[in-house]
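# Fold and contact review
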Amino acid sequence: MLKAVILIGGPQKGTRFRPLSFEVPKPLFPVAGVPMLQHHIEACSKLPNMKEILLIGFYQPNEELNRFLSCAQQDFKISIRYLQEYAALGTGGGIYHFRDQILSGSPEAFFVMNADVCSEFPLPEMLDFQKEHGDAYSFVILGTTANRKQSLNYGCIVENEQTDEVLHYVEKPSTFVSDIINCGIYLFTPEIFQHIGTVFQKNQQDMLFYRTRLEEQSNGWHRAEVIRLEQDIFTALAGQGKLYVYKTDRFWSQIKSAGSAIYASRLYLNQYHTTHPERLATNREGGPKTRGHVYIHPTANIDPTAVLGPNVSIGTGVTIGAGVRVRESIILHGATLQDHSCVLNSIVGWGSTIGKWARVEGTPSDPNPNDPYAKIDSETLFRDGKLTPSITILGCNVNIPSEVIILNSIVLPHKDLNRSFKNQIIL
Ligand SMILES: Nc1nc2c(ncn2[C@@H]2O[C@H](COP(=O)(O)OP(=O)(O)O[C@H]3O[C@H](CO)[C@@H](O)[C@H](O)[C@@H]3O)[C@@H](O)[C@H]2O)c(=O)[nH]1
């Protein structure tokens, strides 16, 4: 029997996703028309022995999350539960805290996945790989190749090329270590908790030993429970014959910034060709013209003269007028694009309105197409004190008047703009 854990983080995480994460927890943001997490859940539910999926995070239980959980349970006919950490316990602390829940029913193995990645999720391949490599107690990390410069933003893995054993693991090194990076998707056996337990006990002892007045005031138990899988566990397990890397050359990307959500949407829309052709819009009589891969929610109302695509996702209840052009964008539910408006490389927030003949445009931050190992750069918003040109984001309920241009800007929710803006954050 198998289980899966998805690490969904909490409200303090996902800051590069603002202002979109103000309205909906980042793991529920729609990517290729469905919540980011649904792609993970779907991949897990395809495994015949998968009994339960646990979401672990430090969000307060909320309406959106509850609604998503009950819909997903019905759709995928599998038990899905949310377990809330009392504080951010790190990527290893959360699973350790809830180890009894994970181990109930005695699964022989379980997957752990970061919520903020998009992937083809080669889970059956990881299971086969685990059977072929090491002993029954070995753990598997999904790895992929990055270019030298970008590898520094990820966990880096040095492997034994013959056996695929992880010899050395460094989280976000400051100088080059390896071009094989950690994809944030793991296959563990219950023995992992012995290793996490050892770190927990060491943390507790350290705390007793080095106790300072400051630490006495803070909650010592909590401090010992904060454990990072990457730095505290993988680094120690490397070279012990316990940790292996399964390398994939299929699509994979992090989803850190809003720009990377558009890129991830493109990757999933491409995959829909084989997995969900019914989700891809086709050029039908009376419907809008589509170019490339486009997702349109059935409740959207779109004028037949509009042209959409490639890589466009249209949410529930969106209204699109005559002559509208949309490309490389995500239009969230309830938005209205009035006649002849144009939206390129942008995310249009829930309930926003774009006036007639207005143009909302951003700059894509796609990986270098000439480098097969390039990943998307989810850098900080500013470089040299200036806003980096990036996709345009309209928060929820923003009104853009007719005939203006909004270029490379981020507009916070509930704004009524009255003119054009370029390279600005509009607060
Ligand atoms: N439940 C819970 N989840 C957490 C916590 N902290 C982070 N997470 C979740 O764990 C995932 C990893 O988040 P980060 O800690 O922000 O790490 P990262 O910068 O994304 O790097 C990780 O992922 C890379 C691949 O995308 C890896 O290359 C890297 O080694 C590392 O695992 C995210 O899905 C995040 O929501 C926590 O305290 N509790």
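Residues numbered from 1 in each chain as written. Predicted model: local features only at pLDDT ≥ 70, side-chain atom pairs only at ≥ 80, totals over all residues.

## Overview of the overall build of the protein chain
Stated precisely, the cut-off is as follows: Only DSSP runs of H or I covering at least 4 residues are called helices, and only runs of E covering at least 2 are called strands; the numbering of each starts at the N terminus. The quantity called the radius of gyration is restricted to C-alpha atoms. Its globule counterpart is 2.2 Å times the number of residues to the power 0.38. Exposure is read from a count of other C-beta atoms within 10 Å of each residue's own; the residue is exposed at 12 or fewer, buried at 20 or more and partly exposed in between. C-beta atoms are placed from the backbone. This entry defines residue contacts through backbone-placed C-beta atoms, with two residues in contact when those atoms are within 7 Å.
Each helix and strand counted, the protein chain has twelve helices and 34 strands in total. Rg of the C-alpha trace for the protein chain: 23 Å, near the compact-globule value of 22 Å for 427 residues, within the 12% margin. Dimensions along the principal axes, computed over C-alpha positions, put the protein chain at roughly 65 × 50 × 45 Å. Expressed as a percentage of its 427 residues, the buried residues of the protein chain come to 45%. Contacts spanning at least 24 positions in sequence make up 59% of the contacts within the protein chain whose residues lie at least 6 apart.

## Here's the deal with the domain arrangement of the protein chain
Quick reminder of the rule: Domain start and end points were adopted from an automatic or database domain assignment.
Partitioning the protein chain into domains gives domain 1 (2-254) and domain 2 (276-426). Broken down by secondary-structure element, the contributors of at least two residues to the side of domain 1 that touches domain 2 are helix 1 (20-23) and strand 13 (252-254). With three residues, the top contributor of residues to the side of domain 1 that touches domain 2 is helix 1.

## Notes on the site of the ligand
Put simply, the rule reads: Nearness here has a simple definition: the residue's C-beta atom, placed using the backbone, must lie within 6 Å of the molecule or strand. Any residue outside Ala, Val, Leu, Ile, Met, Phe, Trp, Tyr, Cys, Pro, Asp, Glu, Lys and Arg is labelled polar, Gly included; the first ten of those are nonpolar and the last four are charged.
Taken together, 26 residues sit near the ligand, with Gly-9, Ala-88, Asn-114, Tyr-154 and Gly-155 positioned nearest. Breaking the shell around the ligand down by element, the ones donating at least two residues are strand 1 (2-9), strand 4 (50-57), helix 4 (90-97) and strand 11 (180-188). With four residues, the single largest contributor to the shell around the ligand is strand 11. Class assignment for the residues of the shell around the ligand results in eleven nonpolar, ten polar and five charged.

## Thoughts on the nonpolar core
Among soluble globular proteins, nonpolar side chains are generally buried collectively. Stated formally: Think of a nonpolar core as buried Ala, Val, Leu, Ile, Met, Phe, Trp, Tyr and Cys residues, each tied to the set through C-beta atoms within 7 Å.
Among the nonpolar cores identified, the biggest contains 116 residues, and Val-5, Ile-6 and Phe-111 are the most heavily contacted of them. Counting only domains with at least three residues in this core, you end up with domain 1 (2-254) and domain 2 (276-426). When near neighbours in sequence (up to four residues on either side) are disregarded, Val-5 contacts Leu-54, Ile-56, Ile-95, Ile-102, Phe-110, Phe-111 and Val-112.

## Re the sheet that holds strand 26 (residues 359-361)
Defined as follows: At least two DSSP bridges between two strands are needed for those strands to be called paired.
Reading across from one edge, 14-17-20-23-26-31-33 is the order of the seven strands in this open sheet, with parallel pairing throughout. Two strands close off the open sheet at either side, each with one partner strand: strand 14 (289-290) and strand 33 (421-422). Where strand 17 (residues 307-308) and strand 20 (residues 325-327) come together, two bridges link them in parallel fashion. The residue bridging Val-307 from the neighbouring strand is Arg-325, located in strand 20.

## Notes on the sheet that holds strand 25 (residues 353-354)
Taken together, the five strands give an open sheet; going across it, the order is 16-19-22-25-30, and neighbouring strands pair in parallel fashion. Each having just a single partner strand, strand 16 (301-302) and strand 30 (399-400) make up the two edges of the open sheet. Where strand 16 meets strand 19 (residues 319-320), two bridges bridge the pair, whose relative direction is parallel. In the strand pairing of strand 19, Ile-302 is matched with Ile-320.

## Some remarks on the environment of Thr-189
With respect to the helices and strands, Thr-189 occurs in the loop between strand 11 and helix 8 (192-209). Along the backbone, Thr-189 and Leu-2 are 187 residues apart, and their C-alpha atoms lie at a distance of 9.7 Å. Those residues in contact with Thr-189, other than ones at most four positions away along the chain, are Glu-108, Ala-109, Ala-136, Tyr-137 and Phe-139.

## Quick notes on the environment of Lys-386
Turning to its location among the elements, Lys-386 is positioned in strand 28 (residues 386-387). Assessed through the 9 C-beta atoms surrounding it within 10 Å, Lys-386 is described here as exposed. Taking the C-alpha atoms as reference points, Lys-386 and Gln-424, 38 residues apart in sequence, are found 9.4 Å from one another.

## Quick look at helix 2 (residues 36-45)
When you tally the buried positions in helix 2, you get eight out of ten residues, the bulk of the element. Of the positions making up helix 2, those classed as buried are Met-36, Leu-37, Gln-38, His-39, His-40, Ile-41, Ala-43 and Cys-44.

## Some points on the environment of Ile-233
Relative to the elements of secondary structure, Ile-233 occurs in helix 11 (residues 229-237). Since 24 C-beta atoms lie within 10 Å of it, Ile-233 is described here as buried. Taking the C-alpha atoms as reference points, Ile-233 and Ile-196, separated by 37 residues in sequence, lie 6.7 Å from one another. Dropping the residues within four chain positions of it, Ile-233 is found in contact with Gly-92, His-195, Ile-196 and Val-199.

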